[in-house]
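# Descriptive structure summary
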Amino acid sequence: MSIILTSPLDMHLHLRDEEMLSTVAPLSAKSFSGAIIMPNLVPPISTKEALLSYKERILKACGKENFTPYMTLFFKPTYTKEFLESIKDDLVAIKLYPAGITTNSEGGLSGFDVEELRPTLTAMSELNIPLCIHGETNGFVMDREAEFVSIYEMLATNFPKLKIIMEHITTKESVEALDRFENLYATITLHHLLITLDDVAGGMLQPHLFCKPIAKRPEDREALRKVALEGNPKVMFGSDSAPHPQHAKESCGCAAGVFTAPIALQLLTELFVEHSTVEKLQAFVSDNARRIYNHIKVPTKRVTLEKEPFIVPTKYDNVVPIFATKTINYNIIKIEKIGDR
Ligand code: DOR
Ligand code: ZN
């Protein structure tokens, strides 16, 4: 049986810059129609010039592939409505990081004072620009995301017209919050659908499975699987594929991030087929995202997968992917581009 996915989208992707960008961008561009590009470069993307020139570098790295990079800015409470209006046509969302919570987030927000945030968030609501959030406090590592839910609630209540995307959710508490607020949505990664903390640290430490937020308990994974596998309209696929060079992962002080982009569609297909819900995969990898993101323009691409063994490469240049050397039961057998970028 063939599984056909139309215009798959990755709504949370790290492409980095320079050499790493050249390695990873073509891998996403090959099988995805587009992706929301994270702005946590050094320095972060926070001006129109930086955003446009990064977009150009990405397109150049993608070559001839039919792939749209949906650009984001690194949130600053100083962004004015005038500034946002001037960049709106090139901007798809703004990403908010609490200060120091993850890779290159030092310039993030050090507190959530609603009045300090009001002008920028009101302007974003009025311009219909979604706010993507890395939702973790600096509390105990297993509790950080659940503790952040009250901040999501505060923002969702104060800015009811603002679309808030809870990025890479990992807990049942976040899943439950989706039902309480019309304007809360979420991305879910492949790795958080597949692994728990046990896979990361239950045996020998697995640096290539270490990420932020860290994988949680089996019941959290169950809650994530439920909404993803039912194609729940409030959730969408965002890989959070976050490449780091092998030496930065296999070292004392392992960098956070799991590299999944080139094998994400194969593994998602395997997971959805195993759960007899493959008819919901199209919603999870494309349709929900298009609706949540205000019907963004998406290049058409048709990806065909079939049951056929695919051995995950040991490395892509110097980046080790999730499940390197393991065999996946589904493979991409055809990618058809339809139309232009
Ligand atoms: O594990 C992660 N890696 N989580 C993030 O939030 C950032 C990412 C990165 O940029 O490496
Ligand atoms: Zn990320």
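If you're wondering where the values come from, they're calculated on a predicted model, not measured in any experiment. (Residues numbered from 1 in each chain as written. Chains lettered and ligands numbered in written order. Predicted model: local features only at pLDDT ≥ 70, side-chain atom pairs only at ≥ 80, totals over all residues. Heavy atoms only, no water.)

## Topic: the coordination of the zinc ion (ligand 2)
What counts, and what does not: Each metal's donors are the N, O and S atoms found within 2.8 Å of it, except that Na, K and Ca use a 3.2 Å limit; water is left out, so coordination can look incomplete. Only protein chains enter the calculation, and the probe is 1.4 Å; a residue is then buried if its accessible area is under 20% of its type maximum, exposed if over 50%, and partly exposed in between.
Distances from the zinc ion (ligand 2) to its protein donors, namely H12 (NE2), H14 (NE2) and D240 (OD), fall within the range 2.0 to 2.1 Å. Positions of the donor residues of the zinc ion (ligand 2), expressed as sequence spacing, correspond to H-x1-H-x225-D. Residue H12 is classed as buried on the basis of its relative accessible area, which comes to 1%. The exposure class of H14 is buried, given its relative accessible area of 7%.

## Remarks on helix α5 (residues 144-158)
The test is simple: Only DSSP runs of H or I covering at least 4 residues are called helices, and only runs of E covering at least 2 are called strands; the numbering of each starts at the N terminus. Expected span of a helix, by definition, is 1.5 Å for each gap between consecutive residues, and there is one gap fewer than residues. Fitting axes to the seven residues that end at a residue and to the seven that start at it, the angle between those axes gives the bend at that residue.
With 15 residues, α5 extends 22 Å from end C-alpha to end C-alpha; this agrees with the ideal 21 Å at 1.5 Å per step. Roughly 25° is the biggest bend found in α5, and it falls at S150. Inspection of α5 places R144, E145, F148, V149, I151, Y152, L155 and A156 among the buried residues, and these make up the whole buried set.

## Digging into the sheet that holds strand β11 (residues 327-338)
Neighbouring strands of a sheet are bound in pairs by backbone hydrogen bonds; such pairs are parallel or else antiparallel. Put simply, the test is: Two strands make a pair as long as DSSP finds a minimum of two bridges between them. Axes here refer to lines fitted to C-alpha atoms; in helices the fit is confined to the stretch in contact. Angles between the N-to-C directions go from 0 to 180 degrees.
On the basis of which strands lie adjacent, the open sheet formed by three strands has the order β1-β10-β11 and antiparallel pairing. In this open sheet, the two edge strands, each paired with only one partner strand, are β1 (2-6) and β11. Strand-to-strand twist across the sheet, computed as the mean angle between neighbouring axes with direction ignored, equals 30°. Two elements, strand β10 (residues 300-311) and β11, share 10 bridges in a ladder whose sense is antiparallel.

## Overview of empty space enclosed by the protein
Where we set the bar: The way it works is a 1 Å grid over only the protein atoms, where trapped points that fit a 1.4 Å probe form a cavity and open points with protein on both sides within 12 Å along at least five of seven lines form a pocket, and then any residue with an atom within 4 Å of a point lines it. Grid points are joined across faces, edges and corners, and a volume is the space filled by probe spheres set on the points. In this count, Pro and Cys sit with the nonpolar residues alongside Ala, Val, Leu, Ile, Met, Phe, Trp and Tyr, while Asp, Glu, Lys and Arg are called charged and the others, Gly among them, polar.
Considering all chains together, one arrives at three cavities of 30 Å³ or more under this definition. Residue composition of the lining of the largest cavity, grouped by class: four nonpolar, eight polar and four charged. Space inside the second largest cavity adds up to approximately 50 Å³. For the second largest cavity, the full set of lining residues is H208, A242, P243, H244, K249, G257, V258, F259, V319 and V320. In terms of residue class, the lining of the second largest cavity is built from six nonpolar, three polar and one charged.

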